[in-house]
Amino acid sequence: MDSISITGAKIFFEIPIFGGIPITETQVNSWIVMAFITILCLVLTHDLKVRPTSKRQIIAEWIVEKVTGLVRGNMGGAFISYAPFICAILGLSAFSSLSALLGMYPPTADLNTIAGWAILIFGMITYTKIKTSGFLGYLKGYTEPFALFTPFNILSELGTPVSMAFRHFGNVVSGVVISTLVYAALAGASTLLFGWLPGLLGKIPFLQVGIPAVLSIYFDLFSSCMQAFIFSMLTMLYIANAASKD
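Computed from a predicted model, the values in this text were never measured in an experiment.

Draft legend 1. Looking closely at the pattern of salt bridges. Tallied over the entire structure, the rule returns two salt bridges. Measuring nitrogen to oxygen at the nearest pair gives 3.4 Å for the salt bridge that ties Lys49 to Asp47. On the accessibility criterion, Asp47 (45% relative accessible area) is partly exposed. A salt bridge links Lys129 to Glu157, with the nearest nitrogen and oxygen atoms 2.9 Å apart. With Lys129 in helix α4 (residues 111-140) and Glu157 in helix α5 (residues 150-194), this residue pair connects regions lying 28 residues apart in the sequence. In this structure Glu157 comes out as buried when scored by relative accessible area, which is 11%.

And the structure:
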């Protein structure tokens, strides 16, 4: 189907209820990524031993140790229970962005995806603040240091999920846009420079060979992993800070 959603993802089909619920490329690819992560977890954790005897278990234990150390180092020992959630966010974000290497539309290039994650994390931050200071203490925090600052504190609070969502989304989608523009420009330049060659040689996009791969290494590989790490770090820092009574 050629329909396009407002975020740029193609609409594959619509469920004929409530006027038609669109199923977009973002949703389909998100399910594919989640299925891949689920299978990967099942493979790595299959037939575990007290003493690791397989490379699969060694890799699984290494991932657990690294994520646990990351959470302990940034949030403290009291937040070790958050390690599975942080690992899930980190893996989901990284693999969603890396799916672009397979020619898929990365779910992280859709603002709906990142906004959903940011809203979830904002709920966890709010829950942590209420749990730490109590509901009245949470409300009182909006009036500090003076009641006059209440509107600004509310805007600052609401700005947390907005900034998290747009930071991640902006970096991913900018890479998609830049790569697409460069790829199209190279196709035009290749036609201009080599279009005079006879037969099929004049139709081969010589300039599209190699150069897009260099961009892909940065935008699809390095930047994808970096944005996943930054998003996870912000999640840890915001939640840990919400538990602080200072």
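Draft legend 2. Structural view of the state of the cysteines. All chains considered together, the criterion is met by zero disulfides. In this structure Cys41 is a free cysteine whose sulfur lies 7.1 Å from that of Cys87, the closest cysteine sulfur available.

Draft legend 3. Representation of helix α1 (residues 25-44) in the model. Given a rise of 1.5 Å per residue, 20 residues ought to cover 28 Å, and the 28 Å separating the end C-alpha atoms of α1 matches this to within 8%. Taken as a whole, α1 has its buried residues at Glu25, Thr26, Val28, Asn29, Ser30, Val33 and Leu44.

The rules we used
Within every chain, residues take consecutive numbers counted from 1 along the sequence as written. The model is predicted, so local features are restricted to residues of pLDDT at least 70 and side-chain atom pairs to those at 80 or more, both for listing and for counting; the totals for chains, interfaces and linings are taken over all residues. With hydrogens and water set aside, each side-chain value is computed from the structure's full complement of heavy atoms. Salt bridges are identified by distance alone: a Lys or Arg side-chain nitrogen within 4 Å of an Asp or Glu carboxyl oxygen. When a residue's accessible area, from a 1.4 Å probe over protein chains only, is under 20% of the maximum for its type it is buried; when over 50% it is exposed; and in between it is partly exposed. Counting from the N terminus, the helices are the DSSP runs of H or I reaching at least four residues and the strands are the DSSP runs of E reaching at least two. Criterion for a disulfide: a pair of cysteine sulfur atoms at a distance within 2.5 Å. Expected helix span is taken as 1.5 Å per residue step, with the number of steps being one fewer than the number of residues.

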